[in-house]
Structure formats: structure tokens, C-alpha cells
Amino acid sequence: MATDPSEYDKSMPAVAAHLAKVERAVDRTRASHGGQPYAEVHQALVEALQTEDAQRVVPQVVEEFARQISELPTNQ
């Protein structure tokens with residue numbers, strides 16, 4: 001089943017906007033919760049994604065971001 005290339009072009013602005021929201025949520029969580037326990041980071045990230053109206057993220061991706069943020073050195 002082939003997809004019309006113009007459909008890709010039409011959807012890219014929405015995809016880019018969603019990714020920008022996710023990036024802002026991850027950056028904010030990294031800045032405020034880097035190096036903290038996973039559970040706290042995960043909750044903060046979920047809340048940041050909700051604030052950005054970007055909660056439609058695959059759960060495993062949220063978990064991986066939270067893991068990475070929680071493992072940051074605390075002096076960052």
C-alpha cells in the first residue's frame with residue numbers, strides 16, 4: 001500500500017510541532033529534576049508533557065527519557 005508523498009508533506013508541520021512540545025517538556029524536566037529518583041522524574045515528565053499538551057507519547061519513550069534524566073549527574 002503506497003502513501004501519497006504529498007500526505008507526508010501535509011503532516012510534517014503537525015509532527016514537528018508535537019516534537020517541539022515533547023522537547024520542551026524533556027528539557028524542562030531535565031533542568032528541574034536531573035539526577036533525582038526515577039519515580040519523581042517520571043511523574044514530573046508526565047506532568048510537563050500534559051502542560052505542553054503533548055501527552056500522546058509512547059509510554060516506553062517516556063520511561064526511557066525519565067531513566068536518562070534520573071541518571072544525570074546531580075551537578076548539572
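Refer to the structure above for everything that follows.
All values reported here derive from a predicted model rather than from experimental measurement. (Residues numbered from 1 in each chain as written. Predicted model: local features only at pLDDT ≥ 70, side-chain atom pairs only at ≥ 80, totals over all residues. Heavy atoms only, no water.)

Regarding the nonpolar core
Grouped together as the largest cluster of nonpolar side chains are twelve residues: Val22, Ala25, Val26, Val41, Leu45, Ala48, Leu49, Ala54, Val57, Val62, Ala66 and Ile69. Sorting the residues of this core by element identifies α1 (5-33), α2 (38-51) and α3 (59-70) as the ones contributing at least two each. Considering every element that reaches this core, the biggest residue donor is α2, with four residues. Leave out the neighbours within four places in its chain, and Ala54 touches His18, Lys21, Val22 and Leu49. (Core = buried A, V, L, I, M, F, W, Y, C linked by side-chain atoms within 4.5 Å. Buried < 20%, exposed > 50% of the residue type's maximum accessible area, 1.4 Å probe, protein only. Helix = DSSP H or I, 4+ residues; strand = E, 2+ residues; numbered from the N terminus. Contact = heavy atoms within 4.5 Å.)

Observations concerning the pattern of salt bridges
Summed over all chains, the structure comprises six salt bridges. With its nearest N and O atoms 3.2 Å apart, the salt bridge here joins Glu52 to Arg28. Within this pair, whereas Glu52 is found in the loop between α2 and α3, its partner Arg28 is found in helix α1, the two being separated by 24 residues in sequence. Since its relative accessible area comes to 13%, Glu52 is described here as buried. In this structure Arg28 comes out as partly exposed when scored by relative accessible area, which is 36%. Connected through salt bridges with shared partners, the residues Arg24, Arg28 and Glu52 form a single ionic network. (Salt bridge = Lys/Arg side-chain N within 4 Å of Asp/Glu carboxyl O.)

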